[in-house]
Amino acid sequence: MGFEAGTPVLSRSAGRRMHGLRDCTGRAPGPTSSKNFLEQVNDLADSRGMSEQEVVFRADLPASAGEAFRWHARPGALERLTPPWEPVELVSSDGSLEPGSRVHLRTRLGPIPQDWHAEHVELEEGVRFKDVQRSGPFAEWEHTHEFLPAGEDRCTLEDRIAYRLPLGTAGQVAAGTAVRRRLERLFAFRHRITARDLARHSAYPSQAMQILVSGSSGLVGSALAPFLTTGGHSVI
């Protein structure tokens, strides 16, 4: 069974567990409460996990689970996985998937710059790794990357994202659909790039080389350099 890039195969909102409006003590909110109706709904939603969202994207990759994992672990993977339409700047990175390693990104929400600090918290070599947001645009963000063997030279990449938007249910109502569509577009791009790069590296196997790229900061060079480093080569 194949998976179309960017199509969520699992999409869940914990909000489906809500059955009637009650405050955190189990009582219906009364007129004497000091909070307005929206604040009471948000408190209730957050206490029951209603604002928590989970989505899973899967893609078939033309490489073994181990090789797909190594592609993600090499320098340049983050640059390859960032769409050209996303205003994301890599400020700093520890250059590792090891637990405790961190990445600092800078993105934009409209005209407003937003720093995103992520930390890798789990690693099983060749199988999975997980990163979480320590501070940034989401109230919570947890991303598990898992590589499932599907044959000698094939695997399934599963990206599982659990997140909460700021402002609880109010944030989900205001921006939930837009965020979900943005994630679908993002992971469609990521999975296409990953599959294509792995296929190209497999079609032209070679020993790791040191390659001089002239103008590596230009439009072509900035794309070529991470393509080469994710294939195991060094760019000078």
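1. What about the overall build of the chain?
Alright, step 1. Within the chain, the regular secondary structure consists of five helices and ten strands.
Alright, step 2. Counted over contacts in the chain with a minimum sequence separation of 6, partners at least 24 positions apart contribute 57%.

2. Here we look at the packing of aromatic side chains
Here a ring pair, both rings aromatic, is described through the centre-centre distance and the interplanar angle of the planes.
Alright, step 1. Under the counting rule described, the total for this entry stands at ten aromatic pairs.
Alright, step 2. On the numbers, 5.4 Å between centres and 75 degrees between planes, the contact of W85 with F189 is edge-to-face. Note that W85 is positioned in the loop between α3 (77–80) and β3 (89–93) and F189 in helix α4 (residues 168–203), a separation of 104 residues in sequence.
Alright, step 3. Measuring from centroid to centroid gives 5.6 Å for W116 and F138, while their planes differ by 50 degrees, and the two rings are tilted. Of this pair, W116 sits in strand β5 (residues 112–124) while F138 is found in the loop between β6 (128–135) and β7 (140–149), placing the two residues 22 residues apart along the sequence. No difference in accessibility class separates W116 from F138, as the two residues are buried.
Alright, step 4. One aromatic cluster is present, formed by W116, F138, W141 and Y163 through successive ring pairs.

3. A closer look at the pairing of β5
Alright, step 1. Summarising the sheet, strand β4 (residues 102–109) and β5 pair through eight bridges and their orientation is antiparallel. The partner of R108 across the bridge, within β5, is P113.
Alright, step 2. Where β4 hands over to β5, the hairpin turn is made up of two residues, of which G110 adopts a positive phi near 70 degrees.
Alright, step 3. With seven bridges connecting them, β5 and β6 associate as antiparallel partners. Within β6, the residue paired with A118 across the bridge is Q133.
Alright, step 4. Where β5 folds back on β6, the antiparallel hairpin that results is connected by three residues, among which G126 adopts a positive phi of roughly 80 degrees.

4. Examining the packing of helix α2 (residues 65–73) against α4
Alright, step 1. Their axes nearest at 11 Å, the elements α2 and α4 cross at an angle of 110 degrees. When the axis of α2 is compared with that of α4, the two are roughly perpendicular. Contact with α2, carried on its side by E67, A68, W71 and H72, involves T194, D197, L198 and H201 of α4 and no other residues of that element.
Alright, step 2. Residue classes in the contact of α2 with α4 are distributed as three nonpolar, three polar and two charged.

5. Comments concerning α2
Note: α-helices contain 3.6 residues per turn, so residues at a spacing of three or four share the same orientation.
Alright, step 1. Along α2, the residues classified as buried are A65, A68, F69, W71 and H72. The buried residues of α2 occupy one face: seen down the axis, they fall within an arc of 155 degrees.

6. Examining the pattern of salt bridges
Alright, step 1. Under the criterion given, the structure shown has 17 salt bridges.
Alright, step 2. Across the salt bridge formed by R106 and E89, the nearest N and O atoms sit 4.0 Å from each other. Of this pair, R106 sits in strand β4 while E89 sits in strand β3, and the two are 17 residues apart along the sequence.
Alright, step 3. In this structure, E142 and K130 form a salt bridge, with 3.6 Å as the shortest nitrogen-oxygen distance. Within this pair, whereas E142 is found in strand β7, its partner K130 is found in strand β6, the two being separated by twelve residues in sequence.

7. Notes on the environment of L228
Alright, step 1. Take L228: it is sitting in helix α5 (residues 221–230).
Alright, step 2. Residue L228 is classed as buried on the basis of its relative accessible area, which comes to 12%.
Alright, step 3. Taking the C-alpha atoms as reference points, L228 and H201, 27 residues apart in sequence, are found 8.9 Å from one another.

What counts, and where the lines are drawn
- Residues numbered from 1 in each chain as written.
- Predicted model: local features only at pLDDT ≥ 70, side-chain atom pairs only at ≥ 80, totals over all residues.
- Heavy atoms only, no water.
- Helix = DSSP H or I, 4+ residues; strand = E, 2+ residues; numbered from the N terminus.
- Contact = heavy atoms within 4.5 Å.
- Phe/Tyr/Trp six-rings, centres within 6.5 Å; stacked < 30°, edge-to-face > 60°.
- Buried < 20%, exposed > 50% of the residue type's maximum accessible area, 1.4 Å probe, protein only.
- Pairing = 2+ DSSP bridges.
- Axes fitted to C-alpha atoms, helices over the stretch in contact; angles between N-to-C directions.
- Parallel < 35°, antiparallel > 145°, perpendicular 65-115°, else oblique.
- Nonpolar A, V, L, I, M, F, W, Y, C, P; charged D, E, K, R; others polar.
- Arc of directions from axis to C-beta.
- Salt bridge = Lys/Arg side-chain N within 4 Å of Asp/Glu carboxyl O.

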